[in-house]
Amino acid sequence: MAHSDSSSGSESPAPVLNGNKSRRTKSKSNGKKRSRDGNPDDPSDADVNGAHVLGERRSSVSKPARDFRDKPEPSPKKKKKRKTSAPSASAAVAVVEESPRTTAADEAGELSTRSPSPVIDFDGLSRPSAGTRKRLEEDNVQKQARLERMKSAVKTLLECVGEDPDREGLLATPDRYAKAMLYFTKGYQENVRDIVNGAIFQEGHNEMVIVKDIEVFSMCEHHLVPFTGKMHIGYIPSNAVIGISKLPRIAEMFARRLQVQERLTKEVANAVMEVLKPQGVAVVMESSHLCMVMRGIHKTTSTTITSCVLGCFERKEKTRNEFLSLIGVNR
């Protein structure tokens, strides 16, 4: 019975031993083919679910472990600089027309140290205005008229605070205060180049020069009360040195104007850079403001420190630290 069932079936299969052997051989050969030709981007190597063929091999263990999408993004390549052609004649004319006016020193080939928003004008006056020019160029009659207007204004102030301008102690106060205010602001009438007066000498010196503890008295432009302190000025020459008395004179000129300490520090540094053209300039100022002591917050022991560093003092930390150590701020 069992024999008849076996004979009535389909064609008898190959012997089990031979069949298993042929099946293993075929599978092995297919696996080798996939390992050689397998490509993760080739859809023929994926099954219906999108998974990669198991026979695919990674080329290195340092590559992403499982998902080919885990490969790191390549680092961006540096763009090559394109060579720019020479500007046309019309473009050159436009550049010349837009460039600022130059001084005789610039025309002689010297590099300008002027900042984009200069605080030093070409005639040595900073922040020149119509009032500054008028005061600088007025004659004796105009000076007396100015003084009389100021005296009248002071008398009005005395009346407004509740005082009697005609009492004995205040009779000459308007005149004294007007003259004192003109002296406090005499820096408006001074010129940087006139102060220097050619005192620049070619000494071949290129080491640091410092004038420290320069006493400074100025007027706060916000409240018209004084702020006082000390200024330290240092520079590294490019062969040329300036007379050491000129540095305090430059500081005095800018201090004798209505100021804020931050701008005063910057103006002194830019002025030295302008007239001397050294390798670098550093200015540090420490001061006490009466507008913060006598009124407002009433902090009598506080001081304000500002600095301005240009050239090599700005670029080189070691040079800047040496300057701060020598003036005693970095201790």
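Residues numbered from 1 in each chain as written. Predicted model: local features only at pLDDT ≥ 70, side-chain atom pairs only at ≥ 80, totals over all residues. Heavy atoms only, no water.

**Concerning the overall build of the protein chain**
Moving on, step 1. For the protein chain, the count of helices and strands is 13 helices and 7 strands.
Moving on, step 2. Residue burial in the protein chain is summarised as follows: out of 331 residues, 31% are buried.
Moving on, step 3. In the protein chain, 66% of the contacts between residues at least 6 apart in sequence involve partners at least 24 apart.
Moving on, step 4. Carbon and sulfur atoms make up 53% of the accessible area of the protein chain, which amounts to about 23000 Å² in all. (Helix = DSSP H or I, 4+ residues; strand = E, 2+ residues; numbered from the N terminus. Buried < 20%, exposed > 50% of the residue type's maximum accessible area, 1.4 Å probe, protein only. Contact = heavy atoms within 4.5 Å. Areas by Shrake-Rupley, 256 points an atom, 1.4 Å probe, with all protein chains shown as cover.)

**Structural notes on the confidence of the model for the protein chain**
Moving on, step 1. The pLDDT averaged across the protein chain works out to 76; a share of 60% of its residues lies at or above 70.
Moving on, step 2. A low-confidence stretch, residues 1–12 (pLDDT under 50), is modelled with 0 contacts involving residues beyond four sequence positions or located in other chains.
Moving on, step 3. A low-confidence stretch, residues 43–48 (pLDDT under 50), is modelled with 8 contacts involving residues beyond four sequence positions or located in other chains. (pLDDT = per-residue confidence, 0-100.)

**As for the packing of aromatic side chains**
Describing an aromatic ring pair means giving the distance of the ring centres and the angle of the ring planes.
Moving on, step 1. Summed over all chains, the structure comprises 1 aromatic pair.
Moving on, step 2. Ring centres 5.7 Å apart and planes at 70 degrees place the aromatic pair Phe 313 and Phe 323 in the edge-to-face group. Of this pair, Phe 313 sits in helix H12 (residues 312–315) while Phe 323 sits in helix H13 (residues 317–327), placing them 10 residues apart in sequence. (Phe/Tyr/Trp six-rings, centres within 6.5 Å; stacked < 30°, edge-to-face > 60°.)

**Describing the nonpolar core**
Moving on, step 1. Met 231, Ile 233, Tyr 235, Ile 250, Phe 254, Leu 264 and Val 268 are the most contacted members of the largest nonpolar core, which has 35 residues in total.
Moving on, step 2. Per-element tally for this core: the top contributor is helix H10 (residues 261–276), with 8 residues.
Moving on, step 3. Judged by nonpolar contacts, the second largest core, of 9 residues, contains Val 284, Phe 313, Phe 323 and Ile 327. (Core = buried A, V, L, I, M, F, W, Y, C linked by side-chain atoms within 4.5 Å.)

**Quick word on the pattern of salt bridges**
Moving on, step 1. Scanning all chains against the criterion turns up 9 salt bridges.
Moving on, step 2. Residue Glu 221 pairs with Arg 263 through a salt bridge whose shortest N-O separation is 2.6 Å. Highlighted residues: Glu 221 in the loop between strand S2 (209–220) and strand S3 (226–236) and Arg 263 in helix H10, separated in sequence by 42 residues.
Moving on, step 3. A salt bridge links Arg 256 to Glu 252, with the nearest nitrogen and oxygen atoms 2.7 Å apart.
Moving on, step 4. Each of Glu 148, Lys 151, Asp 175 and Lys 179 takes part in one network of salt bridges that share partners. (Salt bridge = Lys/Arg side-chain N within 4 Å of Asp/Glu carboxyl O.)

**Some words on H10**
Moving on, step 1. Between its first and last C-alpha, H10 extends 23 Å over 16 residues, near the 22 Å set by a 1.5 Å rise per residue.
Moving on, step 2. Within H10, 14 of the 16 residues are buried, which leaves it mostly tucked inside the rest of the structure.
Moving on, step 3. One or two residues past the end of H10 sits Lys 277, with phi positive at roughly 55 degrees. (Expected span 1.5 Å × (residues − 1).)

**Comments concerning the sheet that holds S3**
Moving on, step 1. With mixed pairing, 5 strands are arranged side by side in an open sheet as S5-S2-S3-S6-S7. If you trace the sheet from one side to the other, it starts and ends with strand S5 (258–259) and strand S7 (304–311), each paired once.
Moving on, step 2. Both S3 and strand S6 (residues 280–289) contribute to a ladder of 10 bridges, which runs antiparallel. Across the sheet, the residue bridging to Gly 234 is Ala 282, located in S6. (Pairing = 2+ DSSP bridges.)

**Focus: the pairing of S3**
Moving on, step 1. Burial within S3 is extensive, with 8 of its 11 residues counted as buried.
Moving on, step 2. Across 9 bridges, S2 lies against S3 in antiparallel orientation. Note that in S3 the partner of Phe 217 across the bridge is Thr 228.
Moving on, step 3. Between S2 and S3, which pair antiparallel and follow one another directly, the connecting turn spans 5 residues, one of which, Leu 224, has a positive phi of 60 degrees.

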